[in-house]
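# Fold and contact review
Listed below, chain by chain, are the residues.
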Amino acid sequence: MTTTDQQGTPAPSSDAHLAHGLRPRHLTMMGLGSAIGAGLFLGSGQAIGTAGPAVLISYAIAGAIVVLVMRMLAEMASAMPASGSFSVYAEAALGRWAGFLLGWVYWFMLIMVLGVEVTGVAEIVTGWWPSVPQWAVAAVIVAVLGGINLVGVRQFGEAEFWFALIKVVAILAFLVVGVLIVVGVIPVSGSVLGHWAEHGGFAPAGVAGIAAGLLAVAFAFGGIEIVAIAAAEARDPRDAVARATRTILWRILFFYVGAVAIIVALVPWDDAEALTSPFVSVLQLAGFDWAARLMEVVVALALLSAFNANVYGTSRMLFSLGQRDDAPKAVTKVSRRDVPWVAVLVSVFFGVVAVVLNWLLPEALLSILLNAVGSALFVVWLLITISQLRLRPRLEAEAARSGEPMRLRMWGFPWLSWVVLVALVGLAGLMLSDAAARAQLTATAGLVVVILAVYALTRGVRRARD
């Protein structure tokens, strides 16, 4: 179990059995790669179609919330790195129930996402080679990336570094091409730059459109939290997470807002066909007719990268839950390379189950499961914020006792933390006003109730047994 000091703050000794092979460059690229995924390459078109060019405001608001939430998480992770990350911090701040809830909500969310990612890659590959069955593609992906996670954390970090680097290079190349089009170096015809008035102006749907756009992009930055999980296996955990998060947040915001700014400048927001694959539409404007196949390759790599990172994230969260007696003890077994191999295999197995569910389940039932995932990140962010508000005084007291200052602090504490909390509550209210988002929030609430019921049941059984 996680040990605590006299003030109730977790001691950073619970991950002593894991390797420490990750370097700051691994953490930085891991965070960039996890946040820059298919949601940006494909999902940005839906958001633009909802809000028009004013979706830039939606992205800016969502990005500001994510930057502040991640700053709070980084503060806690640099002070007490743990593979359970925000689950450990929630337990320290709010009690065992909060750690149990957050750990299992996150694990379930990533497991379902694993199924979606493998299915997405399989569909792309079978589009290239129709004779290859989807199940065979999925099996190869699971075997190869699961194997990388089993070999060692250094190998995982290297694989994720190169996956992420390809995505970052693709985004940078897109930004360069977009800027060259905007300034006139690459002449094009058919773009809307300077002609927004002909398509309803900057905010064709007004404030309501910006709000709807915010719902569409609110969780687009999800995945960056894996940096805090991976920090526990860095060579200098406290320093590594501080160094990685200082720059990564602004880079992600730049990539997202920059890419979307190029798209809304060059593609009509009311052209539904062009927004189906907005990056391809911009590249084709520049005369790159091979852009569609190139973006298919980039999206496939983005999904593979996300799958690789999510296998890591689920296994480490499960390992941490096992150490705190919130999962079977078997998942805490580590290999000679200090990899929690049982937790990795369990996560891979349930990832395969999620793939099967994607192919076999009736659409209505699958929709309920995916909806529960849709706003699970909201629960994570909310409890991170509350945990930081509760833990910050303890962390400062511990720093004062030890004589070692905190490596990283949340800006404007406590006021900015409270601003984020209010913003998240406001986001929940916004979700309740939208039918699709309300269904997601309802499904997630159902998942929370089920997990808390399991917690109460297991605690009751344990008390009776003791």
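Small disclaimer: the values here were computed from a predicted structure and weren't measured.

How each quantity is defined
Residues numbered from 1 in each chain as written. Predicted model: local features only at pLDDT ≥ 70, side-chain atom pairs only at ≥ 80, totals over all residues. Heavy atoms only, no water. Helix = DSSP H or I, 4+ residues; strand = E, 2+ residues; numbered from the N terminus. Rg over C-alpha atoms; globule rule 2.2 N^0.38 Å. Buried < 20%, exposed > 50% of the residue type's maximum accessible area, 1.4 Å probe, protein only. Contact = heavy atoms within 4.5 Å. 1 Å grid on protein atoms, 1.4 Å probe; cavity = no way out; pocket = protein on both sides within 12 Å on 5 of 7 lines; lining within 4 Å. Points joined across faces, edges and corners; volume = space filled by probe spheres on them. Nonpolar A, V, L, I, M, F, W, Y, C, P; charged D, E, K, R; others polar. Core = buried A, V, L, I, M, F, W, Y, C linked by side-chain atoms within 4.5 Å. pLDDT = per-residue confidence, 0-100. Phe/Tyr/Trp six-rings, centres within 6.5 Å; stacked < 30°, edge-to-face > 60°. Polar contact = N/O pair within 3.5 Å; in protein donor to acceptor, adjacent residues only side chain to side chain. Patch = residues over 30% accessible without salt bridge, like charges linked within 9 Å, V, L, I, M, F, W, Y side chains within 5 Å. Areas by Shrake-Rupley, 256 points an atom, 1.4 Å probe, with all protein chains shown as cover. Salt bridge = Lys/Arg side-chain N within 4 Å of Asp/Glu carboxyl O.

On to the overall build of the chain. For the chain, the helix and strand inventory stands at 19 helices and 0 strands. In terms of C-alpha radius of gyration, the chain reaches 22 Å, essentially the compact-globule figure of 23 Å for 466 residues. Principal-axis analysis of the C-alpha atoms places the extent of the chain at approximately 75 × 55 × 40 Å. In the chain, buried positions account for 55% of the 466 residues. For the chain, contacts bridging at least 24 residues in sequence account for 82% of all contacts bridging at least 6.

Right, let's talk about the layout of surface pockets for a bit. Each pocket or cavity is described by its volume, and for the largest pocket that value is around 1400 Å³. As for the largest pocket, its lining consists of 48 residues, of which Gly39, Val113, Phe219, Ala220 and Gly374 are closest to the centre. The greatest single-element share of the lining of the largest pocket, amounting to 7 residues, is contributed by helix H6 (residues 96-128). For the lining of the largest pocket, the per-class residue count stands at 30 nonpolar, 14 polar and 4 charged.

A cis amide bond, omega 0 degrees, links Phe413 with the succeeding residue Pro414. Along the chain, the position of Pro414 falls in the loop between helix H17 (376-402) and helix H18 (415-432). Not every positive phi belongs to a glycine, and Ser85 is a case in point at roughly 45 degrees. Mapped onto the elements of the fold, Ser85 is located in the loop between helix H4 (55-79) and helix H5 (86-94). Notably, Asp338 is not glycine yet its phi reads approximately 65 degrees, a positive angle. By the element assignment, Asp338 lies in the loop between helix H14 (291-323) and helix H15 (341-360). Residue Asp338 is classed as partly exposed on the basis of its relative accessible area of 31%.

This part takes up the nonpolar core. Ranked by internal contacts, the top residues of the largest apolar core, which has 162 residues, are Phe41, Val55, Phe86 and Phe279. At 19 residues, H6 tops the list of elements feeding residues into this core. Apart from the residues within four sequence positions on either side, Phe279 is in contact with Leu40, Phe41, Ser44, Ile171, Phe174, Ala259, Ile263 and Met295.

To continue, consider the confidence of the model for the chain. Looking at the chain as a whole, its pLDDT mean stands at 84, while 93% of the residues score no less than 70. Per-residue pLDDT stays below 50 along residues 1-13; that stretch engages in 32 contacts with residues further than four places along the chain or on separate chains.

Once that is clear, we can look at the packing of aromatic side chains. One pass over the full model with this rule turns up 13 aromatic pairs. Each ring, one from Phe174 and one from Phe279, has its centre 4.3 Å from the other, and the planes form 40 degrees; the classification is tilted. With Phe174 in helix H8 (residues 153-182) and Phe279 in helix H13 (residues 278-285), the pair connects residues that are 105 residues apart, well separated along the chain. For the ring pair Phe254 and Phe255, a centre distance of 5.8 Å and an interplane angle of 50 degrees mean the geometry is tilted.

Once that is clear, we can look at empty space enclosed by the protein. Rolled over the atoms, a probe as big as a water molecule pinpoints where empty space is left. Within this structure, the stated rule accounts for 2 cavities of 30 Å³ or more. Empty space within the largest cavity amounts to approximately 60 Å³. Around the largest cavity sit Ala35, Gly63, Val66, Val67, Phe221, Ile224, Leu249, Ile252 and Leu253, which together line it. The class makeup of the residues in the lining of the largest cavity is 8 nonpolar, 1 polar and no charged. The computed volume of the second largest cavity comes to approximately 40 Å³. Taken together, Ala62, Ile65, Val66, Leu214, Ala218, Trp381 and Leu427 form the lining of the second largest cavity. Looking at the lining of the second largest cavity element by element, the count peaks at 3 residues for H4. Residues belonging to the lining of the second largest cavity are distributed by class as follows: 7 nonpolar, no polar and no charged.

Looking at the element boundaries, Thr385 is found in helix H17. Given the relative accessible area of 0%, Thr385 is considered buried. Looking at Thr385, its side chain comes within polar contact range of the main-chain oxygen of Trp381, at 2.9 Å. Apart from the residues within four sequence positions on either side, Thr385 is in contact with Val69, Met72, Ser417, Val420, Leu421 and Leu424.

What follows deals with a nonpolar patch on the surface. Together, Trp135, Val352, Val356, Trp359 and Leu360 make up an exposed nonpolar region whose accessible area comes to about 520 Å². The greatest single-element share of the nonpolar patch, amounting to 4 residues, is contributed by H15. Assignment of secondary structure puts Trp359 in helix H15.

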